[in-house]
Amino acid sequence: MATAVTLIPGDGIGPEVVNAAVEVIEAAGVRLDWHRAAAGAGAVPTHGTPIPAATLASIRETKLALKGPLATPIGEGYRSVNVALRKEFDLYANVRPARSFAGVETRYTGVDLIVIRENTQGLYSGVEHFVDEEHSAAESISIITRKGSERIVEYAFQYAKSRGRRKVTLVHKANILKCTSGLFLETGRKVAARHAGIEFKELIVDNCAMQLVKNPNQFDVIVTTNLFGDILSDLTSGLIGGLGLTSGANIGVDAALFEAVHGTAPDIAGKGVANPSAVMLAGVMLLEHIGERTAADKLDTAIREAIASKEATTPDLGGSATSRMFTNAVLKRLR
Ligand code: NAD
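The structure contained in this document is the topic of the report that follows. Just so you know, these numbers come straight off a predicted model, no measurement behind them. (Residues numbered from 1 in each chain as written. Predicted model: local features only at pLDDT ≥ 70, side-chain atom pairs only at ≥ 80, totals over all residues. Heavy atoms only, no water.)

1. Some points on the nonpolar core
- The biggest cluster of nonpolar side chains holds 87 residues, and the ones touching the most others in it are Leu66, Ile116, Phe258, Leu299 and Val330.
- Residue assignment places this core across two domains, with domain 1 (1–94 + 243–335) and domain 2 (107–240) each supplying three or more.
- Listed in part, the 15 residues of the second largest apolar core include Ala37, Ile51, Ala84 and Leu257. (Core = buried A, V, L, I, M, F, W, Y, C linked by side-chain atoms within 4.5 Å. Buried < 20%, exposed > 50% of the residue type's maximum accessible area, 1.4 Å probe, protein only. Domains from an automatic or database assignment.)

In structure tokens, the structure reads:
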């Protein structure tokens, strides 16, 4: 029976790149039962909300989603749809691989690392307020729990083990944030002690940023808290060609959501020139997650070869090809 997957085309370039991803996933030889669902600013006129109940019900049923970028409607009362989806399904692990692409000019070659970011706690817990009516000061509360730290570091070690990775680097700021980052580090050390076969390193976040820029090839799996992971994973995506080539997975116990990291690109929406690579690569992560390893490898290779060949390079990577032309270049390699 085909695996059911909720498909959220999203806003802006979302539908263009998501439809291209569906085409290449199917051409990789996997039949999925796509349940199309609305979310984002585009859902408001028809559903009255950017997160329709039917979309949540669909994800609850399929436990899997492939998602295009979403615009959060401007105005009072709308919280980020992406953050809301992460909270609703407790998608605690944000996984962002950064692997160099042949044919994409960057400062380094051979980068192959993964940032695993705690996705629900820390400074993004949403506990924030002004201290007085004059808004003369504001406070944001960072919440770190032992349980939350343990499950994300354990996830990082399991991820490393299952993929033959050798090293996990825990990134923190425990020298200053002694309670929150200190708890994350202390818990991480205990988890690491259970995984003697994998090298464990600790690094303070500012040093980590510098080391990533100087010598990214020393890193393998990085695990860190929400804010640090948000920043470092954009840094690492810059190392391999930028957000247009970066995919991410949001993993929970009961559900997983795969997405491109880029936004809705309103400047090029509807022009047919968006680069669909990131959503296609999110498709690779989805296939891996459901155990379709062969198809995942096949699709990953086809995307990488299409990029390397430069026969259909989209404008963001310096070419003049359309999304359709790039999709055809991937399809050709799958058939
Ligand atoms: P953006 O990623 O949409 O665009 C930044 C630049 O990158 C633009 O020049 C755009 O044309 C280009 N770009 C992005 N993706 C591309 C692709 N696939 N191919 C070619 N070029 C691409 O970022 P932004 O302008 O800051 O945000 C626009 C909207 O997207 C906002 O409403 C924001 O909230 C939303 N957003 C959503 C997500 C998400 O759903 N995951 C992520 C980021 C931003």
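2. As for the pattern of salt bridges
- The full count for this structure, using the stated rule, is 23 salt bridges.
- Where aspartate 220 meets arginine 165, a salt bridge forms, and the shortest distance between an N and an O atom there is 2.9 Å. Within this pair, whereas aspartate 220 is found in the loop between helix H7 (205–214) and strand E10 (221–224), its partner arginine 165 is found in the loop between helix H5 (146–162) and strand E8 (167–172), the two being separated by 55 residues in sequence. Neither aspartate 220 nor arginine 165 differs from the other in exposure class; each is buried.
- The salt bridge partner of glutamate 288 is arginine 293, with a shortest N-O separation of 3.8 Å.
- You can call glutamate 288 partly exposed: its relative accessible area is 25%.
- Classification of arginine 293 by relative accessible area gives partly exposed; the value is 43%. (Salt bridge = Lys/Arg side-chain N within 4 Å of Asp/Glu carboxyl O. Helix = DSSP H or I, 4+ residues; strand = E, 2+ residues; numbered from the N terminus.)

3. Points about the side chain of serine 58
- Mapping serine 58 onto the fold places it in helix H3 (residues 53–62).
- Setting aside residues no more than four positions away along its own chain, serine 58 makes contact with Thr6, His35 and Lys63. (Contact = heavy atoms within 4.5 Å.)

4. Concerning the packing of H7 against helix H8 (residues 226–239)
- Put simply, H7 and H8 touch, their axes get as near as 10 Å, and they point 5 degrees apart. Classified by the interaxial angle, the pair formed by H7 and H8 is roughly parallel. Of the residues in H8, those in contact with Val205, Cys208, Ala209, Leu212 and Val213 of H7 are Phe228, Leu232, Leu235, Thr236 and Leu239.
- Taken together, the residues of the contact of H7 with H8 break down into 9 nonpolar, 1 polar and no charged. (Axes fitted to C-alpha atoms, helices over the stretch in contact; angles between N-to-C directions. Parallel < 35°, antiparallel > 145°, perpendicular 65-115°, else oblique. Nonpolar A, V, L, I, M, F, W, Y, C, P; charged D, E, K, R; others polar.)

5. Digging into the layout of surface pockets
- What the largest pocket holds in volume is close to 610 Å³.
- Around the largest pocket sit 30 residues that line it, and Pro97, Tyr159, Arg163, Met285 and Glu288 are the ones nearest its centre.
- When contributions to the lining of the largest pocket are tallied by element, the ones reaching two or more residues are strand E4 (93–99), strand E5 (112–118), H5, strand E11 (247–251), helix H9 (277–289) and helix H10 (293–309).
- When residues of the lining of the largest pocket are assigned to domains, at least three fall in each of domain 1 (1–94 + 243–335) and domain 2 (107–240). (1 Å grid on protein atoms, 1.4 Å probe; cavity = no way out; pocket = protein on both sides within 12 Å on 5 of 7 lines; lining within 4 Å. Points joined across faces, edges and corners; volume = space filled by probe spheres on them.)

6. Topic: the site of the ligand
- With respect to spatial proximity, 18 residues lie near the ligand, and among them Leu70, Gly263, Ala265, Asp267 and Asn275 are the closest.
- In the model, an oxygen atom of the ligand is placed 2.7 Å from a nitrogen or oxygen of the alanine 265 main chain.
- In the complex, 62% of the free accessible area of the ligand, which totals 810 Å², lies under the protein chains.
- Residues belonging to the shell around the ligand are distributed by class as follows: 9 nonpolar, 5 polar and 4 charged. (Near = heavy atom within 4 Å. Polar contact = N/O pair within 3.5 Å; in protein donor to acceptor, adjacent residues only side chain to side chain. Areas by Shrake-Rupley, 256 points an atom, 1.4 Å probe, with all protein chains shown as cover.)

7. Quick notes on the packing of aromatic side chains
- Under the counting rule described, the total for this entry stands at 3 aromatic pairs.
- For the ring pair tyrosine 155 and tyrosine 159, a centre distance of 6.3 Å and an interplane angle of 35 degrees mean the geometry is tilted. Residue tyrosine 155 and its partner tyrosine 159 are both found in helix H5; the two are separated by 4 residues, about one turn of the helix.
- What makes tyrosine 159 buried here is its relative accessible area of 8%.
- Look at phenylalanine 157 and phenylalanine 200: their rings are 6.1 Å apart centre to centre, the planes differ by 40 degrees, and that puts the pair in the tilted class. Here phenylalanine 200 lies in strand E9 (residues 199–204) and phenylalanine 157 lies in helix H5, a separation of 43 residues in the sequence.
- Ring pairs connect the aromatic residues Tyr92, Tyr155 and Tyr159, which therefore count as one cluster.
- Lying across the ring of tyrosine 159, arginine 163 places its NZ or CZ 3.9 Å from the centre.
- Lying across the ring of phenylalanine 101, arginine 304 places its NZ or CZ 4.2 Å from the centre. (Phe/Tyr/Trp six-rings, centres within 6.5 Å; stacked < 30°, edge-to-face > 60°. Lys NZ or Arg CZ within 6 Å of the ring centre and 35° of its normal.)

Keep in mind these numbers describe shape, not what the thing actually does.
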